[in-house]
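Chain by chain, the residues run as shown.
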2 protein chains.
Amino acid sequence: MSEIKYPAGVRPFAENTRKSASNKKKYTPKIAAGNRGMDFEAGINETNAYYAEKGLCCITKRPTPINVVKVDYSKGATITQAYFETQSTTDYNGVYQGHYIDFEAKSSHSKTAFPLSNIPLQQIEHLERVIAHGGIAFFLLHMVQHHEVFLLTAEFVIRFYREHPRASIPYADIKEHGYLVPEGFRPRYDYLPVLEAVFLK
Amino acid sequence: MSEIKYPAGVRPFAENTRKSASNKKKYTPKIAAGNRGMDFEAGINETNAYYAEKGLCCITKRPTPINVVKVDYSKGATITQAYFETQSTTDYNGVYQGHYIDFEAKSSHSKTAFPLSNIPLQQIEHLERVIAHGGIAFFLLHMVQHHEVFLLTAEFVIRFYREHPRASIPYADIKEHGYLVPEGFRPRYDYLPVLEAVFLK
């Protein structure tokens, strides 16, 4: 794989991260940031349901890990105390034509970059293991302000992460090294032909 | 695949299911049935951790799906009302030498059979999809009273299920069509060489 090149004038480090933080303030979201992430997730879930229906692949979302502390059995097993845990793997995995598929969906609300602070180290390590065992690993990245979704290979993101932890991947790099995923009505984010072209041809 | 043969005298239907129910009463468990299932699960988790450490495969447990109804943010995001949901897929999946692996772990406390009432239809349908897409799918079945763990191919279990829904797979059939998984200290349940022999040789 070729080395990552930074277009002239683009500094992928802390400067950009700070800029993206101030962007977030300037573009006051009309819906909560969490919900916007949920919309992207919902779109991917719809896409996977569509693919399953058409018999194209079997890719599912891993449930959010929750640490259950108290369960009230007098109310038919109601969980009354529990905490969200960090996903130590990725959000999605499954099988396509016998191949193991593993990916993470992320949204960036910055216009200029994808801040890697969004990715826990555990996730990077998980993706490294997936690649080592011959799986197909990638990110689906929603650049919210550009209304674009990119497939970034996990290899690309991992290398960037390992070289510049806590940095941000500049938008120019995303456009250069990522693959645009067509958006539509059904499927919402048609990433399967992109995956096919990037990893299997 | 050859047809399932019932050894003379073995009736895999309701009779056996009832027998297993009465067995449960006779052999009063010293620890709760739920916990015994957890012990098996814990052993598989240990096995997967061992495999990951040795770089042999990357197979993880899917978190239990939980429907979160109320979260108290005043206490640092404490979930105060939630409900367990049925797993619509299986408990475990991952990648081994590029192959997609998907399996479910079950315990049977009956001496004579594995009651299929333990398996929700959704799980059967999920495994059918996995097979259709070229994945490797199976059950790890703990026959608690025999202190034995078997790998049963999903194909075998699905066929039995489709022919005799709500029945039980007799122990004799499990022994004939299943593959014994060696138990040890580390790894606890060494299923990977069995998987290799059954599916990849």
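What you are looking at is a predicted structure, and each value in this text was computed from that prediction instead of being measured.

When helices and strands are tallied, chain A shows six helices and 10 strands. Sorting the 201 residues of chain A into buried and exposed places 49% on the buried side. In chain A, 68% of the contacts between residues at least 6 apart in sequence involve partners at least 24 apart.

All names here are of chain A. Following the criterion strictly, the structure yields 21 aromatic pairs over all chains and no others. With 5.4 Å between their ring centres and 75° between their planes, Tyr51 and Tyr191 make a pair best called edge-to-face. You can see Tyr51 sitting in helix α2 (residues 33-53) and its partner Tyr191 sitting in the loop between β10 (179-180) and α6 (192-199), a full 140 residues away along the chain. Summarising the burial analysis for this pair, Tyr51 and Tyr191 share the class buried.

With respect to the helices, strands and loops of the structure, B:Arg159 is situated in helix α4 (residues 154-163). Along the chain, B:Arg159 and B:Ile124 lie 35 residues apart, while their C-alpha atoms are 9.8 Å from each other.

Moving on: the relation of the copies chain A and chain B. The operation relating the pair of chain copies consists of a rotation about an axis and a translation along that axis. For the pair chain A and chain B, the superposition axis carries a translation of 0.0 Å, the fit reaches an RMSD of 0.0 Å, and the rotation angle comes to 180°. Taken together, these values place the two copies in the relation of a two-fold axis. A symmetric contact is evident, with 100% of the interface residues of chain A recurring at the interface of chain B.

Take the packing of helix α3 (residues 121-132) of chain B against α4(B) next. Residue and element names in this part refer to chain B. For the pair α3 and α4, the least separation of the axes is 10 Å and the interaxial angle reads 135°. Comparing their axes, α4 and α3 come out oblique. When you trace α3 past α4, the crossing you get is left-handed. Together, Leu121, Ile124, Glu125, Leu127, Glu128 and Ile131 of α3 and Ala154, Glu155, Ile158, Tyr161 and Arg162 of α4 make up the contact between the two elements.

Moving on, we get to the pattern of salt bridges. Under the definition given, this model contains 10 salt bridges over all chains. Of the charged contacts in the structure, one is a salt bridge between A:Glu128 and A:Arg162, with a shortest N-O distance of 2.9 Å. Of the two residues, A:Glu128 is situated in helix α3 (residues 121-132) and A:Arg162 in helix α4 (residues 154-163); the sequence distance between them amounts to 34 residues. By relative accessible area, which is 29% here, A:Glu128 ends up partly exposed. When the shortest N-O distance is used, the salt bridge between B:Glu53 and B:Arg186 registers 3.1 Å.

Counting from both sides, the interface comprises 36 residues of chain A and, opposite them, 36 residues of chain B. Both faces combined, the contact of chain A with chain B buries some 2,700 Å², and carbon together with sulfur accounts for 68% of it. At the surface where chain A touches chain B, the tally comes to five residue pairs in polar contact (both at pLDDT 80 or more). Listed by contribution, the elements that provide at least two residues to the side of chain A that touches chain B are β1 (58-61), β2 (66-72), β3 (78-84), β4 (92-96), β5 (99-108) and α3 of chain A. Take the side of chain A that touches chain B: its biggest share by element is seven residues, from β3(A).

Time to look at α4(B). Buried within α4(B) we find B:Ala154, B:Phe156, B:Val157, B:Ile158, B:Phe160 and B:Tyr161. For α4(B), the secondary structure elements touched by its buried residues are α3, β7 (136-143), β8 (148-153), β9 (168-170) and α5 (171-177) of chain B.

Moving on, we get to α3(A). One turn of the α-helix equals 3.6 residues, which is why residues spaced by three or four share an orientation. Along its 12 residues, α3(A) runs 17 Å from first to last C-alpha, staying within 8% of the 16 Å computed at 1.5 Å per residue. By the burial criterion, the buried members of α3(A) are A:Gln123, A:Ile124, A:His126, A:Leu127 and A:Val130. In a view along the axis of α3(A), the buried residues occupy a sector of 160°, so they form one face of it. Buried residues along α3(A) sit against β5, β7 (136-143) and α4 of chain A together with β1 (58-61) and β4 (92-96) of chain B.

What follows covers the state of the cysteines. The bond known as a disulfide is covalent and runs between the sulfur atoms of two cysteines. This structure, assessed with the given rule, holds zero disulfides over all chains. Just so you know, B:Cys57 is unpaired, no disulfide at all, and the nearest cysteine sulfur is the one on B:Cys58, 7.4 Å from it.

A few words now on the confidence of the model for chain A. Residue and element names in this part refer to chain A. Looking at chain A, the pLDDT average stands at 85 and 82% of residues meet or exceed 70. With pLDDT under 50 throughout, residues 1-34 is counted as low confidence; its partners more than four residues away or in other chains account for 46 contacts. Taken over the whole predicted complex, pTM reads 0.80, whereas the ipTM for its chain interfaces reads 0.78.

What counts and how
- Residues numbered from 1 in each chain as written.
- Chains lettered and ligands numbered in written order.
- Predicted model: local features only at pLDDT ≥ 70, side-chain atom pairs only at ≥ 80, totals over all residues.
- Heavy atoms only, no water.
- Helix = DSSP H or I, 4+ residues; strand = E, 2+ residues; numbered from the N terminus.
- Buried < 20%, exposed > 50% of the residue type's maximum accessible area, 1.4 Å probe, protein only.
- Contact = heavy atoms within 4.5 Å.
- Phe/Tyr/Trp six-rings, centres within 6.5 Å; stacked < 30°, edge-to-face > 60°.
- Least-squares fit on C-alpha atoms with pLDDT ≥ 70 in both.
- Axes fitted to C-alpha atoms, helices over the stretch in contact; angles between N-to-C directions.
- Parallel < 35°, antiparallel > 145°, perpendicular 65-115°, else oblique.
- Left-handed = near helix turned anticlockwise from the far one by under 90°.
- Salt bridge = Lys/Arg side-chain N within 4 Å of Asp/Glu carboxyl O.
- Buried area = accessible area lost by both parts, 1.4 Å probe.
- Polar contact = N/O pair within 3.5 Å; in protein donor to acceptor, adjacent residues only side chain to side chain.
- Expected span 1.5 Å × (residues − 1).
- Arc of directions from axis to C-beta.
- Disulfide = S-S within 2.5 Å.
- pLDDT = per-residue confidence, 0-100.

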